[in-house]
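What the coordinates show
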Amino acid sequence: MYVAAIVVAGGRGARVGGAVPKQLLKIGGESILRRSVRACDAHPQVSELVVVVPEDLLATGAALVGDTRVPCRVVAGGARRQDSVRAGFEAVSAQADVVLVHDAARPFVPREVVDRVIAAAASAGAAVPAIPVADTVKRAAVSGDARVVLKTVPRDELWLAQTPQGFRRDVLARAVADGQSAAEATDEARLVELAGGTVAIVDGDRRNVKITTSDDVTEARQRMTSMRAGTGYDLHQLVSGRPLVLAGVEVPSPRGPLGHSDGDVVCHALTDAVLGASGAGDIGQMFPNTDPQWKNAPGLDLLARALSAVHARGWVVVNADVTVILETPKLAPHLTRIREALAAVLGVGVDAVTVKGKTNEGVDAVGRGEAIASHAVVLLGAGA
Ligand code: MG
């Protein structure tokens, strides 16, 4: 399945106030736009991006978006939201099966939400992530500054819609066409509803906040200052005839790690680092080597499972820095693929993952080529 993501930053965010467009305000040293794009770019099922920016930002759009893992086009938006989405949709390649539409004002969308939207959009045609309304809801009569409750609205049918919203290509094509003559729609699912189509609801996430007001910006910045660091270390003995796998990438080598699992030292060190930083234990506790279900388990799978536990605690990876110590072969030709594989699992841009190869200068067991070792440091930030 080919998935394209449109990130809509068409408006200027008048509610935030100030001269800088809302999507260009920085949180934790990075613009809201760049973070929202990165959340889509990092999803392993997304194959292309289209970023819709206000006309006057088109010239600098590519620089504002920065480097991406997948191909990315930047196009100018229109007056209404549906005009911006139409401009984005026209830039999506014809092979897309599912098209996501994401607000540039939602930089914290967790990967699991994107997973659910893609799956539901593919089967139902259209899907929105939403969270149930928790507060009691009042309908009010407003007259000047005076507000009076008219009635209490039953909340069991009420859901708060988030993004990304997902659509099969044909469903979005119809919604975009209908949108030309429709009144202003605040989301694309509304256009599908108007046309009588079915829109599935999948679980959203309370961390997936929309940054709308200046208070939201302040709060997001405060959340970003909450950080945790973790370190990890792993070593495996090298023996003849075993594959050498680092972050799931097979590196041609006559010798590979001996181990209970695949001996992927990069993933094992990173798993310990993310678990350590989040306070969720360590690799031995989560995946005991006495349990046969982890025998030969790929390191990337263990890392992904550990990250689910980390995300459940409200943390996301900010960056990771890994050193691999190995006498031979040289790792340099493989480091880009290793970084890309890690970035996809960690849910960050490739620029936030560094992997360095070193030798041990012939000293000790690693230096004699009898073992491979890895050190990892990660920084976690509060996911919302
Ligand atoms: Mg290990």
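Below or above, wherever it landed, is the structure these notes cover. (Residues numbered from 1 in each chain as written. Predicted model: local features only at pLDDT ≥ 70, side-chain atom pairs only at ≥ 80, totals over all residues. Heavy atoms only, no water.)

This part is about the packing of helix H3 (residues 81-90) against helix H5 (residues 169-179). Axis separation between H3 and H5 bottoms out at 10 Å; the angle between their running directions is 135°. Between H3 and H5, the angle is such that the two are oblique. As for the relative orientation of H3 and H5, their crossing is left-handed in sense. Counted together, Gln82, Val85, Arg86 and Phe89 of H3 and Arg169, Leu172, Ala173, Val176 and Gly179 of H5 form the full contact between these two elements. Grouping the constituent residues of the contact of H3 with H5 by class yields 5 nonpolar, 2 polar and 2 charged. (Axes fitted to C-alpha atoms, helices over the stretch in contact; angles between N-to-C directions. Helix = DSSP H or I, 4+ residues; strand = E, 2+ residues; numbered from the N terminus. Parallel < 35°, antiparallel > 145°, perpendicular 65-115°, else oblique. Left-handed = near helix turned anticlockwise from the far one by under 90°. Contact = heavy atoms within 4.5 Å. Nonpolar A, V, L, I, M, F, W, Y, C, P; charged D, E, K, R; others polar.)

To continue, consider the pairing of strand S6 (residues 98-103). Burial analysis of S6 places 6 of its 6 residues in the buried class, which makes it a mostly covered element. Alternating positions in S6 separate into two faces, Val98, Leu100 and His102 on one and Val99, Val101 and Asp103 on the other, with burial throughout. Pairing of strand S1 (residues 3-8) with S6, which is carried by 6 bridges, proceeds in the parallel orientation. Bridge pairing links Ala4 to Val99 in S6. Here S6 pairs with strand S11 (residues 165-168) via 4 bridges, running antiparallel. Each bridged residue has a counterpart across the sheet, and for Val99 the counterpart in S11 is Phe167. (Buried < 20%, exposed > 50% of the residue type's maximum accessible area, 1.4 Å probe, protein only. Pairing = 2+ DSSP bridges.)

Before going further, it helps to examine the pattern of salt bridges. Any two side chains of opposite charge can pair, on the condition that their charged atoms come close. Under the counting rule described, the total for this entry stands at 17 salt bridges. Note that Asp103 and Arg81 form a salt bridge whose closest N and O atoms lie 2.7 Å from each other. A residue pair is termed long-range when its members are at least 10 positions apart, and Asp103 in strand S6 and Arg81 in helix H3 qualify at 22 residues. When sorted by exposure, Asp103 lands in the same class as Arg81, which is buried. (Salt bridge = Lys/Arg side-chain N within 4 Å of Asp/Glu carboxyl O.)

Attention shifts here to the sheet that holds strand S16 (residues 255-257). Ordered in space as S16-S13-S19-S17-S18, the 5 strands form an open sheet in which the pairing is mixed. Because the sheet does not close on itself, it has two edges, and the strands there are S16 and strand S18 (353-358). With strand direction ignored, the average angle separating the axes of adjacent strands in the sheet is 25°. Inspection of the sheet shows strand S17 (residues 315-325) paired to S18 by 6 bridges, in the parallel sense. Among the inter-strand pairings, Asp321 is bridged to a residue of S18, identified as Thr354.

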